[in-house]
Amino acid sequence: MNKRIALVTGASSGMGKEFARRVSKEYPVEEIWAIARNRERLEALAEDLPVPVRAIPLDLTDRASGDTLRELLEKEKPDIRILCNASGFGIFDRFDRASEEDNLGMIDLNCRALTQITYLALPYLSEGSVVVNIASMSAFQPVPYINVYAATKSYVLSFSRALNRELRPRGVRVFAVCPYWTKTAFFDRSNKKSVIQHFDCMYSTEFVVGKIFRTLKHSKKDYVVPGAYAKFTHALTKLLPHSFVMSAFMRQHKLNNK
């Protein structure tokens, strides 16, 4: 019988780390395959979890990482009960001030790598398997000063919902998570220039990940917006013109355009 595993990218910090911590309590997995760049953090994570963790240090922006994972999957042929694509980054800045490397890097990691990991995992998903893709509240509308990041998350949301329909006959569920501002190390990189000077609401990773598992258990939705304030904001983006939402965002968060 093939080993039942959870495969988690971005597992060394933030949402991915919290997901790895919780998944063994929610799913009967025998091993967690944890992917991130930092081997030491992955090994530290392994010491905290009640199930074996396989640390797989990969830089998913390196195209060769896909070949490494493909070979490992072909060799082990695991039964992937749940895949969580949590790797990603954002840069908050005016498009022309952000570097070309950062702008293209967001597309590469948030879109290409997520798509490739999902594609590589597909042969090892079976009835009852779940794919969880971390999108963002910014997926629902254009967002000035995080324009590339928001566009990548729109891709993640659209891709996830459509793939969920495609895989439904196989009994595989694809589920997108659209969190509001969430307190993680993400902001150490994304907002290091303090482009956004005020965050109106900040959720914890524990809250968001807890909401993911509750929704998977009790709802058939193909995406979730965790938190009452986030849901209220999401409702406004559906009711109001995007031009108004973009102007309000810039006023609300006191964006620094100097």
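What comes next concerns the included structure. (Residues numbered from 1 in each chain as written. Predicted model: local features only at pLDDT ≥ 70, side-chain atom pairs only at ≥ 80, totals over all residues. Heavy atoms only, no water.)

This brings us to the overall build of the protein chain. Scanning the protein chain for helices and strands turns up nine helices and seven strands. If you take every contact in the protein chain between residues at least 6 apart in sequence, the share linking residues at least 24 apart comes to 71%. (Helix = DSSP H or I, 4+ residues; strand = E, 2+ residues; numbered from the N terminus. Contact = heavy atoms within 4.5 Å.)

Spacing of three or four residues puts side chains on the same side of an α-helix, whose turn is 3.6 residues. Taking 1.5 Å as the rise per residue, helix α1 (residues 14-26) with 13 residues should run 18 Å; its terminal C-alpha atoms sit 19 Å apart, in good agreement. Most pronounced at Ala20, the bend in α1 amounts to some 30°. For α1, the elements touching its buried residues are β1 (4-9), β2 (31-36), α2 (39-48), β4 (79-85), β5 (125-134) and α7 (205-218). (Expected span 1.5 Å × (residues − 1). Bend = angle between axes of the 7 residues up to and from the residue.)

So, on to the pattern of salt bridges. Across all of its chains, the model carries 15 salt bridges by this definition. Close ionic contact of Arg21 with Glu18 constitutes a salt bridge, the shortest N to O distance being 3.9 Å. Placement of both Arg21 and Glu18 in helix α1 is noted, with a separation of three residues, approximately one turn of the helix. Overlapping salt bridges bring together Lys3, Glu31, Arg54 and Glu76 as one network. (Salt bridge = Lys/Arg side-chain N within 4 Å of Asp/Glu carboxyl O.)

Most of β2 sits out of view: six of its six residues are buried. Here β2 shows no split at all, with Glu31, Trp33 and Ile35 on one side and Ile32, Ala34 and Ala36 on the other all buried. Assessed by its sense of winding, the connection that carries the chain from β1 through α1 to β2 is right-handed. Direction of pairing for β2 relative to strand β3 (residues 53-57): parallel, over a ladder of five bridges. Pairing of Ala36 across the sheet is with Pro57, part of β3. Running through α2, the crossover from β2 to the neighbouring parallel element β3 is right-handed. (Buried < 20%, exposed > 50% of the residue type's maximum accessible area, 1.4 Å probe, protein only. Right-handed = clockwise from strand over helix to strand, strands pointing away. Pairing = 2+ DSSP bridges.)

Let's shift gears to unusual backbone geometry. Positive phi, normally seen in glycine, also occurs at Lys77, with a value near 50°. Assignment of secondary structure puts Lys77 in the loop between α3 (64-76) and β4. Residues other than glycine seldom take positive phi values, yet Tyr145 does so here, at roughly 75°. Owing to a relative accessible area of 10%, Tyr145 belongs among the buried residues under this scheme.

Once that is clear, we can look at the packing of helix α4 (residues 100-121) against helix α5 (residues 147-167). The geometry of α4 relative to α5 is characterised by a closest axis approach of 8 Å and an angle of 15° between their N-to-C directions. With respect to their mutual orientation, α4 and α5 come out roughly parallel. α5 is crossed by α4, and the crossing has right-handed handedness. Of the residues in α5, those in contact with Asn103, Met106, Ile107, Asn110, Cys111, Leu114, Thr115 and Thr118 of α4 are Val148, Tyr149, Thr152, Lys153, Tyr155, Val156, Phe159 and Leu163. Grouping the amino acids of the contact of α4 with α5 by side-chain chemistry returns 10 nonpolar, five polar and one charged. (Axes fitted to C-alpha atoms, helices over the stretch in contact; angles between N-to-C directions. Parallel < 35°, antiparallel > 145°, perpendicular 65-115°, else oblique. Left-handed = near helix turned anticlockwise from the far one by under 90°. Nonpolar A, V, L, I, M, F, W, Y, C, P; charged D, E, K, R; others polar.)

Our next topic: a nonpolar patch on the surface. Taken together, Phe232, Leu236, Leu239, Leu240 and Phe244 make up a surface patch of nonpolar side chains, about 490 Å² in accessible area. With three residues, helix α8 (residues 228-239) is the largest single contributor of residues to the nonpolar patch. (Patch = residues over 30% accessible without salt bridge, like charges linked within 9 Å, V, L, I, M, F, W, Y side chains within 5 Å. Areas by Shrake-Rupley, 256 points an atom, 1.4 Å probe, with all protein chains shown as cover.)

Core analysis: the biggest nonpolar cluster contains 83 residues, and Phe19, Ile32, Ile80, Ile82, Val132, Ile212 and Leu216 have the highest contact counts within it. By residue number, the principal contributor to this core is α5, which donates eight residues. Residues within four places of Leu216 in sequence aside, it is in contact with Tyr27, Ile82, Val130, Val132, Arg173 and Phe175. (Core = buried A, V, L, I, M, F, W, Y, C linked by side-chain atoms within 4.5 Å.)

Applying the stated criterion to the full structure yields seven aromatic pairs. Joined through ring pairs, the aromatic side chains of Phe19, Tyr27 and Phe213 make up one cluster. (Phe/Tyr/Trp six-rings, centres within 6.5 Å; stacked < 30°, edge-to-face > 60°.)

Take the environment of Ile80 next. Here Ile80 shows up in strand β4. What makes Ile80 buried here is its relative accessible area of 0%. If we skip the residues at most four places from it in the chain, Ile80 touches Ile5, Leu7, Leu73, Ala121, Tyr124, Leu125 and Ser129.

Taking 1.5 Å per residue, 14 residues should reach 20 Å; α7 reaches 20 Å between its end C-alpha atoms and fits that length. Looking only at α7, the buried set comprises Thr205, Val208, Val209, Gly210, Ile212, Phe213, Thr215 and Leu216. Those residues of α7 hidden inside the fold are in contact with α1, β4, β5, β6 (173-177) and β7 (223-224).

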